[in-house]
Amino acid sequence: MTKPSILLSLILLSAAGLSGAERRVSFNDGWRFFRGEAAGAEQPGFNDKTWTPVQLPHDWAIAGPFDRKINPHAGALPFFGTGWYRKQFTLSAAQKDRRYTIEFDGAMSNARVWLNGKELGGRPYGYIGFALDLTPHLLFDGKPNLLAVRLTPEEFSSRWYPGAGLYRNVWLDETAPVHVAHWGTYITTPAVTDAEATVAIRTSIQNEGPAASKVTLQTTIVDPDGKEVARNGREITLAPGAKETIDEKAAVVRPRRWDIGSPHMYKLVSEVKQGGRVLDRYVTPFGIRTIEFDKTKGFSLNGRHLKIHGVCMHHDLGALGSAVNRRATERQLQIMKSMGVNAVRTSHNPPSPELLEYCDRLGLMVMDEAFDMWQMPKVKNGHSKFFDEWSERDLRDMIRRDRNHPSIVMWSIGNEILEQSKADGWKVAKRLTEITHDEDRTRPVTAGFNQYPAAIKNGLAAQVDIQGFNYKAMNYEEVLKAHPDWMILGAETSSCVSSRGVYHLPIQKYEKHDSLQLSSYDIIAPPWAYAPDVEFAYQDKLPQVLGEFIWTGFDYIGEPTPYAWGKTASPKDWPARSSYFGAVDLAGFPKDRYYLYQSVWTTKPMVHVLPHWNWAGREGQKIPVLCYSNAGEVELFLNGKSLGRKKYGAEPMVIPVGVNVSKDKTFASKYRLMWQVPYAPGILRAVAYKDGKQVAADEVRTAGAAARVTLIPDRTTISADGYDLSFITVRIEDKDGNMCPLADNLVRFEVRGAGRIAGVDNGNPATEESFQADRRKAFNGLALLIVRSQRGQAGKIEIGALSDGLRGAKTTVSTQ
């Protein structure tokens, strides 16, 4: 890989390992689960009739209860201990000559797997996918086979909520003895132009049969419209037990590139044939695009300069816990994209395949991250216990699984690893970088460094292709001056904390608030961090800096900083058990900060005004009113009377920020407009102007007493597959339909027909209310009901909501 300019022209699979129905089938049904130790449960004769039937993916800990004795930084949920899963299945006599592999997308954690009492293997790292060969120990002729999995996640194994159980999908891969190997395709393009893309295809073919076999490998490229655009064929002879890698080239004429605005996807169909018969068929979506990293130009996608507007995302799905769900994953990414996000960092571990699939589909770039720690532990039972033995295998497997996604633009080998301060820490970085380059030379390697300048002084930072700095915006210029050949990135930025709909007066910086909530005026941050405006300023000033990944896009379970954190932890911090870092709360409701980022990262005209306008008892007192807009000018009105226009940049708002920024702990922000408005009930309206013309408007109204519940489904038709979800916003409104911004009414839900309750939430980071319940209190006027379809039950899901003293609500979701 060349430095300082890296030109990466490549064509990439969307989901290496995904294949058609001919080969790979879901293995999620028919499992039984037991929480606790169960001696002999790996044996076929063990009696599991009293165990709980479950459908995977399954997170055993999300049902709770929350427990203050469990580390709140890991979510205060019972994720540790022992759990067993067992599944029986049969195969016919006609299937004896086939090969069978069980594939786990992830198992949390310390997994051990048995088939018919024979241990097959396992994996300690809960975030990595792995596959095991079932064939030698299978029974056929309709005889029952027993698959057993034992998991033993440990307490103090994670700095956030890891979840527990078989929380990702499980697959059964059935192949002929001669087949495309596991993660056996790798595609790049040495050249891409508007006229033609040269496609280099590398395919690994494996013969697990008892005799030599002569076969033909046929590879076909299908365009986004389903039309065949290229085909190759190659004959090979494989000895028994042999594995051969075949390199081919093909040309795609007038390629339709994968881009953030037009994520076009092709398909590669790999078929192993013999005598005209298809032995194996392996289908992988892919995309064509170029990426370039340059020390002076910054980052370019398909030849167009682009700042990375990224978010860090933990893997939990709020009320659903860590159990992977396609719709919940898609919804999170759609909300992020609407904020102006164009990239996701999989902090701090390999993600689910579903996340990468939807990033491919939606046009979101990815920093794919391997580890949160290396040999030096951050928590006593972290992956550092297994790092020496497993790090190379884990890293190689992550890259082999993921390297064909067009969305992935860089690999991260670590986050804030403690080896930054170790004299020979650079040696580990060098080894991991070399492994990454060995598996994929088409993307650069990065890591997130928070110890400045330690990571530079000990040589560790020099081992990666892109130097990622966490919370070091004010040091970017110094780094670039000292290292003119480096390309740097805000790998983790801001860490602003807030609670949706909470506004503490006056605007001031504090560490904690007795309410266990943090002000949504977007200025509170822990000591190492700062308000978003600081990063904005340095990113604007330095176009060669590649961009940033904010901490975080969504709130997540665990790490309720500043509560229950470090030396300031106190029993009074309970029940704070989820993060405040998100621009969007745990339920998926945007905070005000969402609109601050939208005002900087998007071009479609918008304006957002805050706070709410219910301040009874403060009549005549001045309320700080803020506006976020991507237009050049905003005018504020109260009850129809203009309070004046303000232009961006003319009157910077001075905000208190973290100690890292300046001695006086303030920052003059050009990204916000502020008015001091004497409170009077009514309508507060913001109008945005561009070139003198009105382009957007927003308003808040003084709400009256809570009078009714309103239900708003995000989708009114879902699939009857037993997995699909409808996310239903629950609003507490006054008689005129205004949301009551301080309402905390308890709402009870009833779901009948072709669905059931999957979870409830309200975005409150400091509550012991269960996610798995039929009721939820509103938090600042909002709550969330998640409804799941019932498999095979096409029809209606009838949903009702009741709250004492309020008019109830009903809605319907159809399944098909």
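Use the structure listed above.
Structural notes, computed from the coordinates.

### Observations concerning the overall build of the protein chain
Item 1. Looking only at helices and strands, the protein chain features eight helices and 46 strands.
Item 2. What you see for the protein chain is a C-alpha radius of gyration of 27 Å, in line with the 28 Å of a compact globule of 816 residues.
Item 3. C-alpha extents for the protein chain along the principal axes are approximately 90 × 65 × 55 Å.
Item 4. The 816 residues of the protein chain split such that 62% are buried.
Item 5. Of all intrachain contacts in the protein chain linking residues separated by at least 6 positions in sequence, the fraction that spans at least 24 positions is 72%.
Item 6. By element, 50% of the accessible surface of the protein chain is carried by carbon and sulfur atoms, the whole surface being about 29,700 Å².

### Details of the sheet that holds strand E44 (residues 782-789)
Item 1. The strand order across the open sheet formed by four strands is E38-E40-E44-E42, and the pairing between neighbours is antiparallel. The open sheet terminates on both sides in strands that have one partner only, identified here as strand E38 (708-713) and strand E42 (755-761). On average, each strand axis in the sheet is inclined to that of its neighbour by 25°, with strand direction left out of account.
Item 2. Two elements, E38 and strand E40 (residues 725-733), share six bridges in a ladder whose sense is antiparallel. Residue Leu711 lies in a different strand from E40, and its bridge partner there is Val730.
Item 3. Taken strand by strand, helix H1 (residues 326-339) contacts E40 and E44, and its axis lies near 55° from that of E40.

### Here's the deal with the pairing of strand E25 (residues 445-449)
Item 1. In terms of burial, E25 is a largely internal element, five of the five residues being buried.
Item 2. Sheet topology note: the strand E24 (residues 408-415)/E25 ladder contains three bridges and is parallel. The partner of Trp411 across the bridge, within E25, is Val445.
Item 3. Taken together, E24, helix H4 (residues 425-439) and E25 constitute a β-α-β crossover, and its handedness is right-handed.

### What to know about the pattern of salt bridges
Item 1. Summed over the entire model, instances satisfying the criterion amount to 62 salt bridges.
Item 2. The partner of Asp573 in a salt bridge is Lys512, with the nearest N and O atoms 3.0 Å apart. Remark: Lys512 occurs in the loop between strand E27 (488-494) and helix H7 (532-541) and Asp573 occurs in the loop between strand E28 (547-551) and helix H8 (592-601); sequence separation between them is 61 residues.
Item 3. A relative accessible area of 24% means that Lys512 is categorised as partly exposed.
Item 4. Where Lys646 meets Glu651, a salt bridge forms, and the shortest distance between an N and an O atom there is 3.2 Å.

### Quick notes on the packing of aromatic side chains
Item 1. All chains considered together, the criterion is met by 30 aromatic pairs.
Item 2. Relative to Phe469, the ring of Tyr452 lies with its centre 6.3 Å away and its plane at 80°, an arrangement referred to as edge-to-face. Of this pair, Tyr452 sits in the loop between E25 and helix H5 (454-457) while Phe469 sits in strand E26 (residues 466-470), placing them 17 residues apart in sequence.
Item 3. With a relative accessible area of 23%, Tyr452 lands in the partly exposed category.
Item 4. Classification of Phe469 by relative accessible area gives buried; the value is 2%.
Item 5. Considering the side-chain rings of Trp551 and Phe581, the 6.5 Å spacing of their centres and the 70° angle between planes classify their relative orientation as edge-to-face. Of this pair, Trp551 sits in strand E28 while Phe581 is found in the loop between E28 and H8, placing the two residues 30 residues apart along the sequence.
Item 6. Classification of Trp551 as buried rests on a relative accessible area of 5%.
Item 7. What links up through ring pairs into an aromatic cluster is the set Tyr125, Tyr127, Phe371, Trp374 and Phe387.

### A closer look at the packing of helix H3 (residues 387-402) against H4
Item 1. The contact between H3 and H4 brings their axes to 9 Å, and the two run at 30°. For the element pair H3 / H4, the angle class is roughly parallel. Helix-helix and strand crossings are classified by hand; for H3 and H4 the assignment is right-handed. Residues Phe387, Ser391, Glu392, Leu395, Arg396, Ile399 and Arg400 of H3 form the contact with H4, whose participating residues are Val428, Arg431, Leu432, Ile435, Thr436, Asp438 and Glu439.
Item 2. For the contact of H3 with H4, the per-class residue count stands at six nonpolar, two polar and six charged.

### So, unusual backbone geometry
Item 1. Here the residue pair Leu56 and Pro57 is connected by a cis peptide bond, since its omega of -5° sits within 30 degrees of zero.
Item 2. Along the chain, Pro57 turns up in the loop between strand E4 (52-54) and strand E5 (83-89).
Item 3. A cis amide bond links Leu505 to the next residue, Pro506, at an omega of -5°.
Item 4. Mapping Pro506 onto the fold places it in the loop between E27 and H7.

### Focus: the nonpolar core
Taken as a class, soluble globular proteins show a tendency for nonpolar side chains to be buried jointly.
Item 1. Within the largest apolar cluster, 134 residues are counted, with the highest numbers of intra-cluster contacts made by Phe299, Met339, Met365, Trp374 and Trp613.
Item 2. Core analysis: the next-biggest nonpolar cluster, separate from the first, contains 52 residues, Ala74, Phe104, Val113 and Leu134 among them.

### Re H1
Item 1. With 14 residues, H1 extends 20 Å between its outermost C-alpha atoms, agreeing within 8% with the 20 Å of an ideal straight helix rising 1.5 Å per residue.
Item 2. Within H1, ten of the 14 residues are buried, leaving the element largely enclosed by the surrounding structure.
Item 3. Within H1 the residues assigned to the buried category are Arg327, Ala328, Thr329, Glu330, Arg331, Gln332, Leu333, Ile335, Met336 and Met339.
Item 4. Two to three positions downstream of the cap, the backbone nitrogen of Arg327 sits 3.0 Å from a side-chain oxygen, assigning the N-cap of H1 to Asn325.
Item 5. At the exit of H1 stands Gly340, carrying a positive phi of roughly 105°.

Conventions and cut-offs
Residues numbered from 1 in each chain as written. Predicted model: local features only at pLDDT ≥ 70, side-chain atom pairs only at ≥ 80, totals over all residues. Heavy atoms only, no water. Helix = DSSP H or I, 4+ residues; strand = E, 2+ residues; numbered from the N terminus. Rg over C-alpha atoms; globule rule 2.2 N^0.38 Å. Buried < 20%, exposed > 50% of the residue type's maximum accessible area, 1.4 Å probe, protein only. Contact = heavy atoms within 4.5 Å. Areas by Shrake-Rupley, 256 points an atom, 1.4 Å probe, with all protein chains shown as cover. Pairing = 2+ DSSP bridges. Axes fitted to C-alpha atoms, helices over the stretch in contact; angles between N-to-C directions. Right-handed = clockwise from strand over helix to strand, strands pointing away. Salt bridge = Lys/Arg side-chain N within 4 Å of Asp/Glu carboxyl O. Phe/Tyr/Trp six-rings, centres within 6.5 Å; stacked < 30°, edge-to-face > 60°. Parallel < 35°, antiparallel > 145°, perpendicular 65-115°, else oblique. Left-handed = near helix turned anticlockwise from the far one by under 90°. Nonpolar A, V, L, I, M, F, W, Y, C, P; charged D, E, K, R; others polar. Core = buried A, V, L, I, M, F, W, Y, C linked by side-chain atoms within 4.5 Å. Expected span 1.5 Å × (residues − 1). Polar contact = N/O pair within 3.5 Å; in protein donor to acceptor, adjacent residues only side chain to side chain.

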